[in-house]
Amino acid sequence: MKTERILTILNVFSWIAFIGISIKCGALIFTYSLSLFNEQVAKDLYEGLNLYDLKKESFLAYTLTLFLQVATLAIKAYVAQQVIQVLSKINLKSPFDMEVAQRIEKISFLILSIWIISLVSMLYQESWGLAKADWNGGETLFLSGLVFVFAQIFKKGAEIQSENELTV
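Now for a description of the structure that goes with this document. (Residues numbered from 1 in each chain as written. Predicted model: local features only at pLDDT ≥ 70, side-chain atom pairs only at ≥ 80, totals over all residues. Heavy atoms only, no water.)

## Brief notes about the overall build of the chain
From N to C terminus, the chain includes five helices and zero strands. Mapped in sequence order, the helices and strands of the chain form the string α-α-α-α-α. In summary, the chain has a C-alpha radius of gyration of 20 Å against a globular reference of 15 Å for 168 residues, an excess of more than 25%. Principal-axis analysis of the C-alpha atoms places the extent of the chain at approximately 70 × 25 × 25 Å. (Helix = DSSP H or I, 4+ residues; strand = E, 2+ residues; numbered from the N terminus. Rg over C-alpha atoms; globule rule 2.2 N^0.38 Å.)

## With respect to the environment of leucine 28
For leucine 28, the position within the fold is in helix α1 (residues 2-35). In this structure, leucine 28 is in contact with Leu45, Tyr46, Leu49, Leu66, Gln69, Val70 and Leu73, ignoring residues within four places of it in sequence. (Contact = heavy atoms within 4.5 Å.)

## Re the packing of α1 against helix α3 (residues 59-89)
The geometry of α1 relative to α3 is characterised by a closest axis approach of 8 Å and an angle of 160 degrees between their N-to-C directions. Relative to α3, the element α1 is oriented roughly antiparallel. Handedness of the α1/α3 crossing: left-handed. Of the residues contributing to the contact of α1 with α3, the split by class is 21 nonpolar, seven polar and two charged. (Axes fitted to C-alpha atoms, helices over the stretch in contact; angles between N-to-C directions. Parallel < 35°, antiparallel > 145°, perpendicular 65-115°, else oblique. Left-handed = near helix turned anticlockwise from the far one by under 90°. Nonpolar A, V, L, I, M, F, W, Y, C, P; charged D, E, K, R; others polar.)

What follows is the structure, given as structure tokens:
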């Protein structure tokens, strides 16, 4: 079936995203740990991220900046893991399932938390002169709302499907 192939491909992409985001998150944690012992590591934490001057100015600001980035990445990895579980639970013969609906709703709240943490991070970094106020998180907020709507549709579908199974 074409739909089964699409779901399999999406599952593969979800695994790739999960592994990639997890590696990035782990690399930031590892290089942060190294930077505690060697200040020069802060010049290139990961993919050119240079927080050396911030670390010299304020260790607390440096730590909080990295914590917010790691938290965002960790939640993104968790979202990818939840998507993998949703894709593995979907049964095309009976697609509406309350557990799947609840996982989709959970994903929408996780995406919302990514938006909140990203906003806090941007505001915090702006206060230290690390970022500019051109951040636009509207896409993330829109995605969270869209996924939430799909979760509600899945919940309603699960209720109707359950009622139909009881009446047959």
